[in-house]
Amino acid sequence: MLQRSSDIVEKVLASDEWPVRGSLGDLLLLALTEATHMLWGTAFDLSHLSWLLDLIPVEVPRTYSISNFSSELLPRTIDLTVGRSTFNLSSIIDPSQNTKGNGVSSGFLNPDPLSSLLNHDAGEMEPMLIGISKPLNFQLPVTHSTPIVMFAGGSGIAPFRSFWQARAAQTSGRNILFLGVQSREKLLYEEEIRDLVRQGKLELHVAFSRDRNGLQYNPSTKRMDQKSIEPRFIDAAIIEQARTVYDMIMPKRSGGHGGYLYVCGSVSVYETVMHGIRKAMYNCRNVTKSQAEELVSIAFSERRFMLGKCSIIIHLTSVSPIPQRRSRPNDLQTYSCRLNRSHQSRN
Ligand SMILES: Cc1cc2nc3c(=O)[nH]c(=O)nc-3n(C[C@H](O)[C@H](O)[C@H](O)COP(=O)(O)OP(=O)(O)OC[C@H]3O[C@@H](n4cnc5c(N)ncnc54)[C@H](O)[C@@H]3O)c2cc1C
């Protein structure tokens, strides 16, 4: 019925682009402008809407790392760091190509500042169903004095905030963070990081890929100094600290520090980090490519090298509340969610 009375529905159905970049909601909103009031009333007769449910796929749970540390077994609140996933809407739906579509969960948790979601009344908050798990393959070393090196790109910083908070709460070994973000504006937790750097509890080496307004860690003053640095990726920051990286990867029995290394971010972040690590090793000690591979493999086999996105992760199965915005408008945001213990489960 809608197909016959709406050009847009017809165009979408006839399109070669499949799946069409857009949501059912986008399509229905456009069809609403074309269909007559009577037709719309018949199509969306509240007593016969089962056809609509058939069109809506069941949502799978989304997973997010918990971005803060709490000594409580079941904390009342948790922080999440959510990067908004966006895509260009199909030109059939948005001929102007000015509007971006958002991922279901990240667009909800970290809505576009221009989105109508932001206008929701905080009083409309509803509980959400979550599950919590603690993956064993992405954990801090048991011995607090063991140094750690964290490599993060974009929202990959999420689990590391809980790491540095946990380590700062105790006397720990060196904590080194290599971070790749687009620009200074997108550097999250800057004040918290600077504070820890001043206290000697964190060393930050940052790479901005689209910003010359750089920051450089100064080990003698324990400060992050402003410095003009050519835009670069995380591998450049790693190569700059070749000696430190080499010592961390080398096992203690071979004269190294035997540090724990963690990489968190997209596949391309992982590849860039690994490229940086290998290059750092050749530059530092003139090791061959295969020797560098072997040293990295040893770190993996000793479970000192870990990949992933998780320290403790939560699985959001229903995302209804609009959580509290905690930082400036950005496509990477931090949120505090209040947990209702009756909705928690552990596995
Ligand atoms: C262990 C683990 C931990 C994680 N931790 C974090 C974390 O701490 N922080 C974080 O930000 N992320 C984290 N993630 C990623 C997170 O789980 C989600 O995958 C991410 O937020 C995207 O979910 P979404 O619902 O927003 O996107 P989805 O709606 O699932 O969409 C997936 C992709 O498709 C695109 N898309 C959606 N609909 C369409 C459409 N109609 N047409 C074309 N393209 C479309 C979206 O832009 C997105 O890029 C983690 C993942 C794992 C596995």
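In short, a report on the structure. Note that the structure is a prediction, hence the values are computed from the model and not measured.

**Observations regarding helix H8 (residues 190-198)**
Then comes step 1: For H8, the full list of buried residues reads Ile-193, Leu-196 and Val-197. Down the axis, H8 shows its buried residues gathered within 105° of arc, on one side only.
Then comes step 2: On the buried face of H8, the contacting elements are helix H7 (158-168), strand E8 (203-208), strand E9 (213-218) and strand E10 (223-228).

**Brief notes about the nonpolar core**
Then comes step 1: Met-150, Phe-151, Leu-177, Ile-238 and Tyr-262 are the most contacted members of the largest nonpolar core, which has 57 residues in total.
Then comes step 2: Mapped onto the domain boundaries, this core takes at least three residues apiece from domain 2 (62-133 + 311-343) and domain 3 (148-307).
Then comes step 3: For Leu-177, the residues in contact, after removing those within four places along its chain, are Met-150, Ala-152, Phe-160, Leu-202, Glu-203 and Leu-204.
Then comes step 4: Counting eight residues, the second-largest nonpolar core is a separate cluster that includes Val-12, Leu-27, Leu-30 and Ala-31.

**Remarks on the pairing of strand E6 (residues 148-153)**
Then comes step 1: Summarising burial for E6: six of the six residues are buried, a large majority.
Then comes step 2: Judged by which residues are buried, E6 turns out to be covered on both faces: Ile-148, Met-150 and Ala-152 on one side and Val-149, Phe-151 and Gly-153 on the other are all buried.
Then comes step 3: Regarding topology, H7 serves as the crossover connection from E6 to the parallel strand E7 (residues 175-181), and that connection is right-handed.
Then comes step 4: Pairing of E6 with strand E11 (residues 260-264) involves five bridges; the strand directions are parallel. Bridged to Val-149 within E11 is Leu-261.

Calculation rules
Residues numbered from 1 in each chain as written. Predicted model: local features only at pLDDT ≥ 70, side-chain atom pairs only at ≥ 80, totals over all residues. Buried ≥ 20, exposed ≤ 12 C-beta atoms within 10 Å, placed from the backbone. Helix = DSSP H or I, 4+ residues; strand = E, 2+ residues; numbered from the N terminus. Arc of directions from axis to C-beta. Contact = placed C-beta atoms within 7 Å. Core = buried A, V, L, I, M, F, W, Y, C linked by C-beta atoms within 7 Å. Domains from an automatic or database assignment. Right-handed = clockwise from strand over helix to strand, strands pointing away. Pairing = 2+ DSSP bridges.

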